[in-house]
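Overview (structure and organization)
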Amino acid sequence: MTSADQMTAVLQDFTDQFNRSPELPKMTQGWDRTIVIRARDAGWVAALRVEGGRVRVLAGEAPAEIALEGPSDTLAAIFRGELSPTEPYMDGTLVVRSTEADMMKLDIFTLMVWGE
Amino acid sequence: MAAATPEPQQDAHGPGSGMLRRILGFRTIVSTSAGLAFAAVNFLAVLQIRAQAPGLLAPLAILAAGVLCLLAVAVFGELSATLPSAAGIRVWTLRGLGDPFSLTFTLLYLGTVLAVIAADGFVLAAALHVAVPGVPGPAWILLFLTVALVSNLRGIQMAGLIQDLTTYVLLAALIAVGVAAVAVPGHMPPTPAAWPAGLFGGIALGVFVFMGFEWVTPLAEEARHPARMPQGLALAVLALAVAFGLFALVAGRLPAVAGGGLAPQLAVGHAALGAIGFWVMLGVTVVTAGTTFNGGFVAASRLLYALGRSNYLPAGLGRLNGRFVPGNALWLLYGVSVALTLLVFATGRYLILINAGATLESAMYVVAGLALLGLRRRMPDAPRTWRAPLGRVVPLACVVVFGALGLGAATAADGLPWPGVPWTLVLLAVLALVAWWYAVRRLRRRAQQSRGRREAGIRPAPRAASD
């Protein structure tokens, strides 16, 4: 099980990679979204804010356009780039609450952060 | 600073739903459900139902099919209340029935979307050819499918309010024309002596009219009140039953429709309100077919994308274009839809699409019933925002009733040579075998790739909980 502190480190690493990318800040211009991440088993909630082409970790919960919910290890693996979010989403392990367009953008951004 | 914090108390709408800014109201659930089922080919399906169930049996068959669909409403209601997922049928069948069956059925389900697009393209071309005889039907097919492709490739989406209005206006126009047509003198054919068999055949094909109402369940994740999803589905089914039951009633007694043209809705509109009625029904046909093309492309392309991304289909289908839409999947759908629609238009053999659609839809309800029974067994304590009443009675009745109706639809007359051969059944059996072969092969390859990754020392991805 991934703890809240471990997940914070994972998200910090993810945001660093994202903000260092030459393409992602351009691609996410105008796509300002808050993403809430909820671990079913570990009981923590985390949040990311994408704004002005940059992403940052938020402290705690916030009103969001996108909500991810699943086992803590799955969520950590997605943001570490070890697992495509599509796979746990298609088997019901990961629940994504958002519009389809936002869902696909998030999927492709995580792919671009870590590569195939 | 620990950005990930202990979870606060959840709200009454279920985990996570209270945090979302984008939420769907009850009105949109009803309109989306009805809109997804409202297809132009439904008008031709009514003719096919009338051929099985003449006279008053036709509207009765549609109403009865609608009432029976309430069983499916209850099943889908509980499925989406237990596992609310935009991947809907894939998730439920995977959790309830296992991977090979789930992938096979998902592929077949994609086929139903293509069948409905082709059938609607055929109806649209036939109707526009009546209105504008100078333009050949295939030109209309290419025009409308290309518009749907381009708007999808550009990521253009209809606003929710316009979507709601479109569906309600379509239903209101159909009911208004139907009510006006009741006053037109006509002759209702007598009920045949062998009416029980006719009524059963009519109900089996009547399921087609409601096909797709459950495609709204993936939106359960966005619903403001997920527990009201079953009520929304039921209202949509009842609205469709009334609108198309009324249409079957008036169409059955009008001599202009009895002629057997391929645009019965235009004949009913003309008989009811003259030229205005004709053009209103042409508008209904065009808008309905347009929304079918668009909705079909949106839903099927996203499913193809997700299957491509998770390596269940060729990876090329899991690519997005510069506007973040699955371009390859859309082009594939466009190519197959155009080919299938032109084939149907050239041969005029549309009945097999209606029969196949009704069969697959019934099969869908059977599978949903089985999946619910499986989920209840495997996840007995999973939280649910809604539960179907009467224990196992509803899912079991859904399996039995739609199993029988599906068989009836699969063996209905299809107008093809050698009438003794159940062509619909043959076609679906071949497609199912091909899909099963592909699914087993693909799953084996995925398993090998996964083993290869493990042996190469790549950390294995966490798997789904076995619950």
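Here is a short report on the structure shown in this document.

Reading guide: rules and limits
- Residues numbered from 1 in each chain as written.
- Chains lettered and ligands numbered in written order.
- Predicted model: local features only at pLDDT ≥ 70, side-chain atom pairs only at ≥ 80, totals over all residues.
- Heavy atoms only, no water.
- Helix = DSSP H or I, 4+ residues; strand = E, 2+ residues; numbered from the N terminus.
- Buried < 20%, exposed > 50% of the residue type's maximum accessible area, 1.4 Å probe, protein only.
- Contact = heavy atoms within 4.5 Å.
- Areas by Shrake-Rupley, 256 points an atom, 1.4 Å probe, with all protein chains shown as cover.
- Salt bridge = Lys/Arg side-chain N within 4 Å of Asp/Glu carboxyl O.
- Pairing = 2+ DSSP bridges.
- Phe/Tyr/Trp six-rings, centres within 6.5 Å; stacked < 30°, edge-to-face > 60°.
- Lys NZ or Arg CZ within 6 Å of the ring centre and 35° of its normal.
- Expected span 1.5 Å × (residues − 1).
- Arc of directions from axis to C-beta.

**Describing the overall build of chain B**
- Secondary structure assignment for chain B yields 15 helices and one strand.
- Here chain B holds 467 residues, and 55% of them are scored as buried.
- Sequence-distant contacts in chain B: of pairs separated by 6 or more residues, those separated by 24 or more amount to 82%.
- Here chain B displays about 18,700 Å² of accessible surface, and carbon together with sulfur accounts for 70% of that area.

**Concerning the overall build of chain A**
- When you go through chain A residue by residue, the secondary structure sums to five helices and five strands.
- Ordered by position in the sequence, the α and β elements of chain A form the string α-α-β-β-β-β-α-α-β-α.
- For chain A, the C-alpha atoms occupy an extent of roughly 35 × 30 × 25 Å along the three principal directions.
- Residues classed as buried in chain A amount to 64% of the 116 residues present.
- Put simply, of all contacts in chain A between residues at least 6 apart along the chain, 66% involve residues at least 24 apart.
- Here chain A has roughly 4,000 Å² of accessible surface; of this, 50% comes from carbon and sulfur atoms.

**Regarding the pattern of salt bridges**
All names here are of chain A.
- Counted under the stated rule, the structure contains nine salt bridges over all chains.
- Note that Glu69 and Arg40 form a salt bridge whose closest N and O atoms lie 3.5 Å from each other. Here the residue Glu69 occupies a position in strand β4 (residues 66–70), and Arg40 occupies one in the loop between β1 (33–39) and β2 (44–51), the gap between them amounting to 29 residues.
- With relative accessibility at 43%, the residue Arg40 sits in the partly exposed group.
- Here Arg49 ties to Glu51 by a salt bridge, and the two come within 3.4 Å at their closest N and O atoms.
- The class of Glu51 is partly exposed, set by a relative accessible area of 37%.
- Because the salt bridges share partners, they merge into one network encompassing Arg40, Glu69 and Arg97.

**Quick word on the environment of Ala34 of chain B**
Residues and elements named next belong to chain B.
- Take Ala34: it is sitting in helix α1 (residues 26–37).
- Owing to a relative accessible area of 1%, Ala34 belongs among the buried residues under this scheme.
- Sequence separation between Ala34 and Asn321 is 287 residues; the distance between their C-alpha atoms is 31 Å.
- Beyond its immediate stretch of four places on either side in the chain, Ala34 contacts Thr167, Leu171, Ala236 and Leu240.

**Focus: the pairing of β1 of chain A**
All names here are of chain A.
- With respect to burial, β1 is a largely interior element, seven of its seven residues being buried.
- Judged by which residues are buried, β1 turns out to be covered on both faces: Arg33, Ile35, Ile37 and Ala39 on one side and Thr34, Val36 and Arg38 on the other are all buried.
- Bridge count between β1 and β2: six bridges; the pairing is antiparallel. Its bridge partner being in β2, Ile37 is matched across the sheet by Ala46.

**A closer look at the environment of Arg377 of chain B**
All names here are of chain B.
- Residue placement: Arg377 occurs in helix α13 (residues 351–378).
- According to the relative accessible area criterion, Arg377 is exposed, its value standing at 61%.
- The sequence separation of Arg377 and Gly96 amounts to 281 residues, and the corresponding C-alpha distance is 8.7 Å.

**Points about the packing of aromatic side chains**
- In the structure shown here, the tally under the stated rule is 20 aromatic pairs over all chains.
- Measuring from ring centre to ring centre gives 4.8 Å for Tyr365 of chain B and Phe402 of chain B, while their planes differ by 80°; the resulting arrangement is edge-to-face. Residue Tyr365 of chain B is located in helix α13, and its partner Phe402 of chain B is located in helix α14 (residues 393–410); the two are separated by 37 residues in the primary sequence. A single burial state applies to Tyr365 of chain B and to Phe402 of chain B, both of which are buried.
- Three or more aromatic residues joined by ring pairs make a cluster, and in this case those are Phe14, Phe18, Trp31, Phe79 and Phe109 of chain A together with Phe324 of chain B.
- Over the aromatic face of Phe26 of chain B sits the side chain of Arg228 of chain B, whose NZ or CZ is 4.0 Å from the ring centroid.
- Above the plane of the ring of Tyr312 of chain B lies Arg446 of chain B, whose end atom (NZ or CZ) is 4.0 Å from the centre.

**Quick look at helix α12 (residues 327–347) of chain B**
All names here are of chain B.
- Relative to the 30 Å expected for 21 residues at 1.5 Å per residue, α12 spans 30 Å between its end C-alpha atoms, a close match to the ideal helical length.
- All of the buried residues along α12 are Gly327, Ala329, Leu330, Leu333, Tyr334, Ser337, Val338, Thr341 and Val344. All buried residues of α12 fall inside an arc of 160° around its axis, so they share one side. Among the exposed residues of α12, those oriented more than 90 degrees off its buried face are Leu343 and Ala346.
- Turning to α12, the residues buried within the fold contact α5 (99–131), α6 (137–153), α11 (264–309) and α13.
- Gly348 sits one or two residues past α12 and shows a positive phi near 70°.

**Focus on unusual backbone geometry**
Residue and element names in this part refer to chain B.
- Even without glycine at this site, Asn311 takes up a positive phi of about 70°.
- By relative accessible area, Asn311 is classed as partly exposed at 24%.
- Here the phi dihedral of Trp418 falls at roughly 50°; this positive angle occurs in a residue that is not glycine.
- As for its placement among the helices and strands, Trp418 is situated in the loop between α14 and α15 (423–455).
- Its relative accessible area of 63% is what places Trp418 among the exposed residues.

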